[in-house]
Amino acid sequence: MARRALITGITGQDGSYLAEHLLREGYEVWGLARGQANPRVSRMRKLLADVQVVRGDLLDQGSLISAVERVQPDEVYNLGAISFVPMSWEQAELTAEVTGMGVLRMLEAIRVCSGVSRGGTAAGGQIRFYQASSSEMFGQVSETPQNERTGFHPRSPYGVAKAYGHFLTQNYRESYGMFAVSGILFNHESPRRGAEFVTRKVSLGVARIKLGLADELRLGNLEARRDWGFAGDYVRAMHLMLQAATPEDYVIGTGRMKSVRELAEAAFAAAGLDWERYVVTDQALHRPAEVDLLCADPKKARVQLGWEPTVSFDELVALMVESDLRLLSDGGDPDQDSSWP
Ligand code: NAP
Ligand code: F7E
């Protein structure tokens, strides 16, 4: 019988790549989708026709229990979150509820449905759990590069909520013997990245300027440095973590850092343009507390999981710019359902 996976955040970037990967691996894939008329669900159904949908919300404990009871998954991937860092200052409580408490609700749903009792021995249960932890937990970094032992100093309500989910996942592993792991993933991008994140904002901005649809691109802090990789590579790591002999946490990234300035330079160059002619900096786009730099040490994942990234920074940037040029040339609108590449 096919192994069964339940993915929260199925309508997001990673949910789509992970679902495709698991379908190729022969899994029966279920996606948890929220809302009674969520347009992202119909977009997802078009791209991922073989994914089955179960209704549920990370804010609603009962819905998660029902989803786990119905799907009877072998593996649960908790990717659902409020994931845009600036929004976490505007809606800090919602971020805590979805990105933080949502992890507790999902772990409880698994614990209850697996019959793992509170007072009993740490016997575990059969369902394996993946938590989408984030390099934002490192925040103001204490060392570079960051590995699985680096301390956390989150700089946003999002980072704080992720740290809660991270420690809770560890705690359920230690308290109940559950196979529960966290992937501490550094920034990963793709043509399916939300338009609010800087890489996609830049690739869409370049495409608009190249096609004469805009004449400038407004950005915030150009000096921030990130370790950017390709999302398709990172979902393979999620799956590998749940196939390991023992439940452990892993850092996933490329080990290379670039600044937002270098990102803009590379993206405009990929379209034959000079970034300095078009980029305008805007103080309003700076954050109340910035994460200045993030750079992964992914050695543990390489040695223990055999995981390696396959797409370089320059290849990723070119891929995103080409995709957005095609999308806009074909009259697509990145905010509309039909234009999800
Ligand atoms: P994304 O594109 O923003 O997707 C977020 C998903 O969460 C969407 O499917 C959204 O569904 C869902 N969601 C929001 N509120 C929900 C709720 N109340 N109940 C259930 N689902 C809800 O994020 P992503 O880039 O794919 O990232 C996936 C996960 O990895 C997130 O947890 C993110 O925080 C984490 N992460 C991402 C990166 C990265 O660089 N991409 C790095 C580290 C960690 P709707 O369509 O219903 O809104
Ligand atoms: O910002 C700077 C901004 O919004 C990257 C999420 O997936 O990765 C992501 O979080 C950097 C920041 O991603 C603009 O100040 C400059 O320093 O693309 P971003 P993020 O905040 O790093 C982590 C690992 C996650 O877990 C999150 O879920 O770029 N920046 N100018 C800008 N950023 C944006 N969005 N827009 C600008 O105009």
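Model, not experiment: these values are computed from the prediction. (Residues numbered from 1 in each chain as written. Chains lettered and ligands numbered in written order. Predicted model: local features only at pLDDT ≥ 70, side-chain atom pairs only at ≥ 80, totals over all residues. Heavy atoms only, no water.)

A. Spotlight on the domain arrangement of the chain. Assigned domains of the chain: these are domain 1 (4-188 + 230-252) and domain 2 (195-226 + 257-294 + 313-336). Taken over C-alpha atoms, the centre of domain 1 sits 28 Å from the centre of domain 2. Contacts between domain 1 and domain 2 engage 16 residues on the former and 12 residues on the latter. The tally of links between domain 1 and domain 2 comes to 1 salt bridge. The partner of Glu136 in a salt bridge is Arg226, and the shortest N-O contact between them spans 3.7 Å. Our count for the domain 1 to domain 2 interface comes out at 1 residue pair in polar contact (both at pLDDT 80 or more). (Domains from an automatic or database assignment. Contact = heavy atoms within 4.5 Å. Salt bridge = Lys/Arg side-chain N within 4 Å of Asp/Glu carboxyl O. Polar contact = N/O pair within 3.5 Å; in protein donor to acceptor, adjacent residues only side chain to side chain.)

B. Fine view of the packing of aromatic side chains. This model, assessed by the stated rule, comprises 10 aromatic pairs. When the ring of Phe138 is compared with that of Phe152, the centres are 5.5 Å apart and the planes differ by 65°; the resulting orientation is edge-to-face. Placement of the pair is Phe138 in the loop between strand 5 (128-134) and helix 6 (157-176) and Phe152 in the loop between strand 5 and helix 6, with a sequence separation of 14 residues. For Phe152, a relative accessible area of 27% puts it in the partly exposed group. Note on Phe268 and Tyr278: the rings are 5.7 Å apart at their centroids and 5° apart in plane angle, and the pair reads as stacked. Taken as a pair, Phe268 in helix 9 (residues 260-270) and Tyr278 in the loop between helix 9 and strand 13 (279-281) lie far apart in primary sequence, 10 residues in all. Judged on exposure class, the residue Phe268 and its partner Tyr278 are both buried. Across the ring face of Phe179, the terminal group of Arg128 is positioned such that the distance to the ring centre comes to 3.7 Å. Looking at Arg192, its charged tip hangs above the ring of Tyr17, at a distance of 4.2 Å from the centre. (Phe/Tyr/Trp six-rings, centres within 6.5 Å; stacked < 30°, edge-to-face > 60°. Helix = DSSP H or I, 4+ residues; strand = E, 2+ residues; numbered from the N terminus. Buried < 20%, exposed > 50% of the residue type's maximum accessible area, 1.4 Å probe, protein only. Lys NZ or Arg CZ within 6 Å of the ring centre and 35° of its normal.)

C. Just the sheet that holds strand 6 (residues 180-185), in detail. Read from one edge of the open sheet, 7 strands run 3-2-1-4-5-6-11, paired in parallel fashion. Every other strand in the sheet has two partners, leaving strand 3 (52-55) and strand 11 (250-252) as the edge strands with one partner each. On average, each strand axis in the sheet is tilted by 25° relative to the strand beside it, whichever way the strands run. Direction of pairing for strand 1 (residues 4-8) relative to strand 2 (residues 28-33): parallel, over a ladder of 5 bridges. Paired with Thr8 across the bridge in strand 2 is Leu32. On the sheet, helix 6 packs against strand 5 and strand 6 and is oriented at approximately 150° with respect to strand 5. (Pairing = 2+ DSSP bridges. Axes fitted to C-alpha atoms, helices over the stretch in contact; angles between N-to-C directions.)

D. Structural context of the site of ligand 1. Taken together, 26 residues are adjacent to ligand 1, and Thr11, Arg34, Arg40, Ser83 and Tyr158 come closest. At 2.5 Å from an oxygen atom of ligand 1 is found a side-chain nitrogen or oxygen belonging to Thr11. A distance of 2.7 Å separates an oxygen atom of ligand 1 from a polar atom in the side chain of Arg40. A total of 900 Å² of accessible area belongs to ligand 1 in isolation, and the protein chains cover 92% of it. No other element matches strand 5, which puts 3 residues into the shell around ligand 1. Along the lines of polarity and charge, the residues of the shell around ligand 1 split into 9 nonpolar, 11 polar and 6 charged. (Near = heavy atom within 4 Å. Areas by Shrake-Rupley, 256 points an atom, 1.4 Å probe, with all protein chains shown as cover. Nonpolar A, V, L, I, M, F, W, Y, C, P; charged D, E, K, R; others polar.)

E. Local environment of the environment of Gln126. Mapped onto the elements of the fold, Gln126 is located in the loop between helix 5 (92-114) and strand 5. Separated by 12 residues in the primary sequence, Gln126 and Ser114 have C-alpha atoms spaced 6.9 Å apart.

F. Seen up close, the site of ligand 2. Residues in contact with ligand 2 amount to 23 residues; listed here are only the nearest, Ser83, Ser134, Tyr158, Arg287 and Glu290. A distance of 2.7 Å is found between an oxygen atom of ligand 2 and a backbone nitrogen or oxygen belonging to Ser83. A distance of 2.9 Å separates an oxygen atom of ligand 2 from a polar side-chain atom of Arg193. Considering ligand 2 on its own, with 700 Å² of exposed area, one finds that the protein chains cover 95% of that surface. Looking at the shell around ligand 2, its residues break down into 10 nonpolar, 6 polar and 7 charged. Both domains that meet at the shell around ligand 2, namely domain 1 (4-188 + 230-252) and domain 2 (195-226 + 257-294 + 313-336), each give it at least three residues.

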